[in-house]
Amino acid sequence: MGQKRIIFSKLFIIGSLAGLAVLILGSAVFMRYILSGLPPVYEMEEYTPSLTTKVYDRNNELIHEFSIEKRNMVPLEEIPVDLQNAVVAMEDRNFFSHPGFSLRGIGRALLSDMRTGSAKQGASTLTQQLSRGVFLTQEKKLIRKIREIILAVQIEHRFSKREILQLYLNQIYLGSGSYGVKAAAKKYFDKDLSDITTGEAALLVGLIPAPGRYNPFANPAIAQQRRDLVLDVMREQNYITEEELAVAKQEPMPVKPSQVEENKPGRYFIEHIRRILEFKYGTDAVWKAGLNIYTTLDIHQQKMAEETMNKFLSEFDEQVAKGLGIEIDPNDTEAEVSQPTDEEETAPVNPSEQAPRLQGAFMARDVKSGAVRVLIGGREYDESKFNRATQAKRQPGSSFKPYVWMAALQKGYTPATLVKDLSTMFYYDGRNWHAFDENADLYSLDLAKQSFISSKDFNVWVPQNYGGKSEGWVTLRKGLEKSKNLVAVNLIDAVGIPEVIRVARKAGITANLPRVPALALGVSVVQMDEHLAALTTFANGGIHTDNYYIERVEDANGRILEQHIPVEQEQFSPQHSYLLINMMKGVVQRGSGAYVNRLGRNIAGKTGTTQSHRDMWFVGMTPHTSAAAWMGYDDDTSYENAAKFTGSTTARWWTAIMEQILKDEPNDDFAVPEGISFAYVNPLTGKLATPAERNKMLEAFISGTEPQSF
């Protein structure tokens, strides 16, 4: 019997030791698992919460913020004492004495969780909340709670109470996308943090447990009750007096957010630079790294331009709705004027059923540097974020003609050279386009084309001027000023389509350009930003500079990450460029863009109207600023029986915008380069004018190419 007892005792001891070993091993494994999920607490010394990236205009005015978390770091000494006291009073009254956790709080939470059967009770100290907010997830699990306590103890060992409180107040989420008390003060009260009152401090602290429920904009009555509760607790703990309590409870509640993003100007510009920055630095850097972006935009000019464009396009929408034609500038040779019938006047088009809204785009930049000052991608950003200035491809119409004229100048033409304003038929033989019978009149061409029309092997194109009239022969200058289609197609036939494409490419056009004679009339599609930069090359003496939008980018510590360095490319001679710009000045002085002349400035420009008035352009420039305006319909609609709009219509609101943009710009003329001479010529014959002629005009020439006879 004794032997059995000894054996049993030994087995019991062995079993106990084995169980203890298993328990120790299991505990070690469990602790290893717990600790393996803990980050090194020293990382908090370098902890940087997601910061707000700020965007500034050319005058260093803050115009936008990129932020997933509306957060700004602020030292503890800049945080109002009332706010610090309110946090301690409501969230952790023993903050300055506990080691990072509260045994009483944990016990109370465990009892509550045991009764409910779930891990829902919080009882977290400020330090625990900080460890959870910085390192851990928000899920309510026992393992996470254990890790939270361990981290809190480590944080308390490594950091002072003031450092912990500072980190807490800078990272706590307070609703409406605001992280940290500084961002929240701006969001809820539109105030700097240092200016908030005792009542406002209490309201912010009241948000901490449930920012959505206690949001004063969504639930003002509940938010006020919560604020008053915080104030009462502050009074109980002697942080404020009875008098301060009474005053704070009388403070009004905020009624709306401080910033209405939808009403801000420049939203197409902001979206454009967001794409640029995210491609270059990545999404996290743009939205979380606290970059400082200094842009080229002039926010005041931007706001004015948006208001002006919207005003004009709204008026044009009304004209379309009424089905009435608008007054057409008599100098606008691109216009097709038609009078409405009595039936059209008595039965206007219903815009809500038949006519979508006119869309528009506008862009202004510095001629020499390429800095973009204004960018409008359309009406109502919230309705359509599609940027018609940088993403849309539209036919430029006659605003493409300057590339054709430059090709002619490079082939030896002068502004006084006589060019054909004669009807010409083009046919396609399956491989190339050819001009047919250059000397035939319109009637003969009409007869000749009949044989081609009946053949499936040929395509025929017979271009016309607006109005169907031609003058026979006109100077190169007049052909551009009056935007004559027949001159353009005869020129491209004479100099060659490849030469025109080469000029457009050198100027900056990268879009696909079809090898057809109709290219001279702008049947290709281009983007506004590219078209503006290309035409601006001529105003810059033949030197091309790309559009740019960002002057420099700095990180959160002020270190420069990038700074714009202009790149200039000399693509055309200054002499040829001056001749073209001088002719484009005539478009404004006497031609299709004459409406712009009321500005009383030296402006070179070109209108553009595509077939059936689907696209209407005006591109104009001074020696310092160039700008492009477009209007049309997104669905490529043309309302032939309603108002007729043209490039000169677009020039009206271009003029209204530029009147404000140019008001502080000197009225300089385009500089005359060396190698240019002037001579008086007869505007009809292109020959030298006699001293007695009354209608003579002073024309520019490359020295040695002036007419030699009268």
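Residues numbered from 1 in each chain as written. Predicted model: local features only at pLDDT ≥ 70, side-chain atom pairs only at ≥ 80, totals over all residues. Heavy atoms only, no water.

Draft legend 1. Representation of a nonpolar patch on the surface in the model. Together, Val-672, Phe-678, Tyr-680 and Leu-698 make up an exposed nonpolar region whose accessible area comes to about 370 Å². Judged by its relative accessible area of 44%, Leu-698 falls in the partly exposed class. (Patch = residues over 30% accessible without salt bridge, like charges linked within 9 Å, V, L, I, M, F, W, Y side chains within 5 Å. Areas by Shrake-Rupley, 256 points an atom, 1.4 Å probe, with all protein chains shown as cover. Salt bridge = Lys/Arg side-chain N within 4 Å of Asp/Glu carboxyl O. Buried < 20%, exposed > 50% of the residue type's maximum accessible area, 1.4 Å probe, protein only.)

Draft legend 2. Inspection of the nonpolar core at higher detail. Counting residues in each nonpolar core, the largest one holds 77 residues, and the members touching the most others are Tyr-403, Trp-405, Phe-538, Leu-580 and Met-621. Look past the residues within four positions of Tyr-403 in its chain and what remains in contact with it is Val-500, Val-503, Ala-504, Ala-507, Ile-509, His-531, Ala-534, Leu-535 and Phe-538. If you look at the next biggest cluster of nonpolar residues, it comprises 44 residues, including Ala-86, Tyr-168, Ala-201 and Ile-240. (Core = buried A, V, L, I, M, F, W, Y, C linked by side-chain atoms within 4.5 Å. Contact = heavy atoms within 4.5 Å.)

Draft legend 3. Up close: unusual backbone geometry. Notably, Asp-190 is not glycine yet its phi reads approximately 55°, a positive angle. With respect to the element layout, Asp-190 can be found in the loop between helix 7 (181-189) and helix 8 (198-206). For Asp-190, a relative accessible area of 42% corresponds to the partly exposed category. Its identity as a non-glycine residue notwithstanding, Glu-380 has a phi of 60°, on the positive side. (Helix = DSSP H or I, 4+ residues; strand = E, 2+ residues; numbered from the N terminus.)

Draft legend 4. Quick look at the sheet that holds strand 6 (residues 359-366). Taken in spatial order, the five strands make up an open sheet running 7-6-19-18-17, and their pairing is antiparallel. Whereas interior strands pair on both sides, the edge strands pair on one side only; in this sheet they are strand 7 (372-376) and strand 17 (604-609). Between one strand and the next, the sheet's axes are offset by a mean angle of 5°, whatever the strand orientation. Relative to strand 18 (residues 615-621), strand 17 is paired through six bridges, and the arrangement is antiparallel. When the bridges of strand 18 are listed, Thr-609 appears paired with Met-616. (Pairing = 2+ DSSP bridges. Axes fitted to C-alpha atoms, helices over the stretch in contact; angles between N-to-C directions.)

Draft legend 5. The arrangement of the pattern of salt bridges in detail. Scanning the entire structure with this criterion turns up 27 salt bridges. Two residues, Glu-65 and Lys-54, come together in a salt bridge whose shortest N-O distance is 3.0 Å. Here Lys-54 lies in strand 1 (residues 53-56) and Glu-65 lies in strand 2 (residues 62-66), a separation of eleven residues in the sequence. Of the charged contacts, one joins Arg-235 and Glu-242 as a salt bridge, the two residues approaching to 3.3 Å between their closest N and O atoms. Given a relative accessible area of 25%, Arg-235 falls into the partly exposed group. Of the residues examined, Glu-242 reaches a relative accessible area of 46% and is grouped as partly exposed.

Draft legend 6. Quick look at the sheet that holds strand 11 (residues 459-461). Spatially, 10-9-11 is the arrangement adopted by the three strands of the open sheet, whose pairing is antiparallel. The open sheet has two edge strands with one neighbour each: strand 10 (433-436) and strand 11. In this sheet, neighbouring strand axes are inclined to one another by 30° on average, regardless of whether the strands run parallel or antiparallel. As paired elements, strand 9 (residues 425-428) and strand 10 share four bridges and run antiparallel to each other. Bridge pairing links Tyr-428 to Trp-433 in strand 10.

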